[in-house]
Amino acid sequence: MTQTNRFWKFVFFMLFATIAVVSCILFFFKQSLNKEQTQILVSIAFDHPLYIASIFFLIIFVIFSGLEIIFLIYVKPLKKICTEAVMIYSSNPSHRLAVTGNQDIKKLSSVINDFADIFENLNKNITEQILIARKETEKERNLLAAIMAELPQGVIICNKSGRILLFNSLAKKLFTQDTHSNRAEYFIGLGRSIFHIIEKDLIAHAIKEIEERLSHDNKSVASYFITPIYTGRLVSIETIPVLDLDNQMTGFIITFQDVSDDIKRYENIDQALLSFKKILDENTLKKYHGMSNLILDTSIKKLPLTALVLIDFLSSIQKRLKLENGISINLLNIDHDTRILADTYSFTIVFVFLVVNLSELTLQKKFDLKISTINGEILFDIKWQGNTASSVLIENMTAKKIRGLPCFGYVLKLNRAEFEIISKKDKTCSHVRIKAKTQIKSSRIKENRPAVITASRPEFYDFNLFDLKDENLDLLELNLKDIIYTVFDTETTGLSPEGGDEIISIGAVRIVNKRIAYQDIFEEFIDPKRDIPIESYKIHGINYEMLKGKPDIENILPIFKNYTRDTVLLGHNIAFDMKMLKMKEKTTHIKFSNPVLDTLLLSAILHPIHEQHDMENIAKRLGVNIIGRHTALGDAIATAEIFLKLLPILNSNGILTLKDAVKASKKTYYARLKY
């Protein structure tokens, strides 16, 4: 309900009350007349009905004309002044009132504009003083940013729920190299979840390990693991907690190091040594073994190992084999206090790989795993009944690569472990063993780093990186300032979604922590498989030759769906864009169920006195400069800037949460428009 409607509701109410009062007076007046007087009045009414009706309608016309003049000269200007004054101090200090009305209204507008000049000048002066005061600290900030960007390791900082708060250029390069267009769903950007690019179970295990060490007041709390990533590279990852002054974890830092080349180098050296071994005689073989081990130890990547609780480690392997492969493992002689030094991910994969291959060779689904400890080593003895396995085939198995990791033997060596075939008989066996290290001090084990304390940094390095809220909270109840938005726009072949028009371009940008993340954009052109009408070409300047050979909508929408994950969709007149996406649900099987906000509706809520709510007029009112109008990305960025200008005005009007904004949007006239 607009303020104009409220005024006229009041007018009709007063008119109804006036008619009721006049009717009562006429009724009592009629009661006081005698029969002759009543007959005279009735005869006059019947003899001259046209005159009486004319007088009645003339009175109504005069009343309404007077009220309209009062509304236009006094009421509407005052309401416009209120609306635009809020705009000045909330979003656009450069905006000035241009209100028509009586002399008093004009004087009031002039006074407000004078105050707006003072307010704008004060804002400029304060901004200049702040810039001067920060000039020196900006140097340190830029230096820190430059160092972060050029660190020899990839760095990503996340809050406790896994949202990315900061990353350097090497991390972005590591996760985007060799990325084909159809793998563009692996986005790395502010506010995104780290679990989209690294398995959640790995990080969850690292955090659990860190929390366990923190509970024992251990200062060396960092956790390590090695894992392949979707680009095909193998990375060594270190997880370091970020703690507050109460020793509570508020986030974590992940550092990455690409070890793929180290592994390739090791494999090349290993192959060269094996080739060299073939030409040696028996006298030099003993020297060869010692020298080859020394060379391989020098070339191997020194993987920092972590202490794993043996019972937890083996139980997870037991469950995994049962669920994924239907293989039962009977655990024997496990000491609940024993810990093993290993890399969680790779050592787990080694065990699973070994048991699965033994099952395939022997057709057995049940194995015994007995654990014993001798001289600082843990022996994992795997035995089975029934069919034996060929020793040659088992030895050949150790040269196989495992899920992007290097070969079986190399992964064991990384984990300071060895493999043996026990009880050989007629070149077959039913007993194999893995030897690993227990948790003892070793010069080869890298010392874990201590946690990072946020309050220990100088204030000018405080980038407010940990302000983002937990992603598990209900989006509708979140404050509008705390939500991550995907602001998007589409360009199409026409304006009829149900008439066969197609999307030819999607552009999007994200708003994170009340800032536009310009480094995290989405822009794709799409082959519509049809001609583009000249009327549409005149608007967006895209012709079919520019789109020929581009991916079709079936390939782009799944990628865009991943880009928008866990965000609120935001657009201008977004009902049209959502209708275009909905029309593709049947063919792509992609459904966008994100909450939606529309800057057109938000503007109509906040500025009901204005009749124009197109992007150009809203931008002009709010002081937003539109660049790249009628390009999908340009319109998306302009919409994002408009929304950030509307945000403080929404808050000042009591619209604080997403639920408030959605509820208010539904009450506007524009919300009734359907496509």
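Numbering of residues starts from 1 in each chain and follows the order in which that chain's sequence is written. Where totals are concerned, whole chains, interfaces and linings use all residues; where local detail is concerned, this predicted model gives features only for residues with pLDDT of at least 70, and gives and counts side-chain atom pairs only at 80 or more. The side-chain numbers reported here are obtained from all heavy atoms of the structure, hydrogens and water having been left aside.

What we call a nonpolar core is a set of buried Ala, Val, Leu, Ile, Met, Phe, Trp, Tyr and Cys residues that are connected through their side-chain atoms within 4.5 Å. The rule is simple: take the accessible area with a 1.4 Å probe, protein chains only, and divide by the maximum for that residue type; under 20% is buried, over 50% is exposed, in between is partly exposed. Residues I156, I194, L314, F347 and F380 are the most contacted members of the largest nonpolar core, which totals 73 residues. Looking at this core, the element that brings in the most residues is helix α11 (residues 344–362), giving 11 residues. Discounting chain neighbours no more than four positions away, the residues touching L314 are L331, I334, L369, I371 and F380. L480, V568, L597 and L658 belong to the second largest nonpolar core, which has 32 residues in total. Strands here mean DSSP runs of E at least two residues long; helices mean DSSP runs of H or I at least four residues long; both are numbered from the N terminus. Any pair of residues with heavy atoms lying within 4.5 Å of one another is described as a contacting pair.

Every buried residue belonging to helix α6 (residues 169–176) is among A171, L174 and F175, and all of these are buried. Looking straight down α6, one finds its buried side chains confined to an arc of 85°; they lie on one side. Those residues of α6 that are buried are in contact with β1 (154–159), β4 (234–243) and β5 (249–258). It is the directions from the helix axis to the C-beta atoms that the arc portrays.

A few words on the pairing of strand β7 (residues 328–332). Burial along β7 is one-sided: I329 and L331 are buried, while S328, N330 and L332, pointing the other way, are not. Only strands joined by at least two bridges in the DSSP assignment are considered to pair. Inspection of the sheet shows β7 paired to strand β9 (residues 366–374) by 5 bridges, in the parallel sense. Bridge pairing in β9 links S328 to K366.

Glancing now at the sheet that holds strand β10 (residues 377–383). Across the sheet, which stays open at both edges, the 5 strands sit in the order β7-β9-β10-β16-β14 with mixed pairing between neighbours. The two strands at the open ends of the sheet, each matched to only one other strand, are β7 and β14 (418–422). In this sheet, neighbouring strand axes are inclined to one another by 25° on average, regardless of whether the strands run parallel or antiparallel. Two elements, β10 and strand β16 (residues 431–437), share 7 bridges in a ladder whose sense is antiparallel. Of the residues in β16, the one forming a bridge with L379 is K435. Axis definition: a line fit to C-alpha positions, over the contact stretch in the case of helices; interaxial angles, taken between N-to-C directions, run 0 to 180 degrees. Contacts from helix α10 (residues 310–325) reach β7, β9 and β10 within the one sheet, and its direction differs from that of β7 by about 160°.

Chain-level pLDDT for the protein chain is 79 on average; 82% of the residues reach the 70-or-more range. pLDDT under 50 marks residues 179–184. Its contacts with residues more than four places away, or in other chains, come to 7 contacts. On a scale of 0 to 100, pLDDT captures the predictor's confidence in every residue. With pLDDT under 50 throughout, residues 453–472 is counted as low confidence; its partners more than four residues away or in other chains account for 43 contacts.

Below, the discussion takes up a nonpolar patch on the surface. On the surface, a cluster of nonpolar side chains totalling about 560 Å² of accessible area is made up of V111, F115, I118, L122, I126 and I130. Here I126 lies in helix α4 (residues 103–133). A patch consists of residues exposed above 30% relative accessible area that lack any salt bridge, with like charges linked at up to 9 Å and nonpolar side chains (Val, Leu, Ile, Met, Phe, Trp, Tyr) linked at up to 5 Å. Only the protein chains shown count as cover for residues, and all accessible areas are computed by the Shrake-Rupley method using a 1.4 Å probe. Whenever a carboxyl oxygen of Asp or Glu lies within 4 Å of a side-chain nitrogen of Lys or Arg, that contact is scored as a salt bridge.

In a beta sheet, neighbouring strands are held together by backbone hydrogen bonds and run either parallel or antiparallel to one another. Taken in spatial order, the 5 strands make up an open sheet running β20-β19-β18-β21-β22, and their pairing is mixed. Looking along the sheet, the strands with just one partner apiece sit at the ends: β20 (515–525) and β22 (596–598). Strand-to-strand twist across the sheet, computed as the mean angle between neighbouring axes with direction ignored, equals 25°. Bridge analysis of strand β21 (residues 568–571) against β22 gives 3 bridges, and the strand direction is parallel. Bridge pairing links L570 to L597 in β22. Strands β18 (485–492), β19 (503–512) and β20 of the sheet are contacted by helix α16 (residues 553–563), whose axis makes an angle of about 10° with β19. On top of the sheet, helix α17 (residues 574–582) reaches β18, β19, β21 and β22; it is set at about 75° to β18, its chief contact.

All right, on to the pairing of β9 then. Relative to β10, β9 is paired through 7 bridges, and the arrangement is antiparallel. Bridge pairing in β10 places D368 opposite K383. Following β9, the chain reverses through 2 residues before pairing antiparallel with β10; N375 in that reversal takes a positive phi of roughly 50°.

Below, the discussion takes up the side chain of T567. Here T567 shows up in the loop between α16 and β21. On the basis of relative accessible area, T567 is assigned to the buried category, the value being 1%. With near-sequence residues (within four places) excluded, T567 lies in contact with I484, Y485, T486, R510, N594 and P595.

It is worth spelling out unusual backbone geometry at this point. A positive phi angle, near 55°, is found at N573, a position not held by glycine. Looking at the secondary structure, you find N573 in the loop between β21 and α17. Although it is not a glycine, H589 sits at a positive phi angle of roughly 60°. Examined against the element boundaries, H589 turns out to sit in the loop between α18 (585–588) and β22. Judged by its relative accessible area of 70%, H589 falls in the exposed class.

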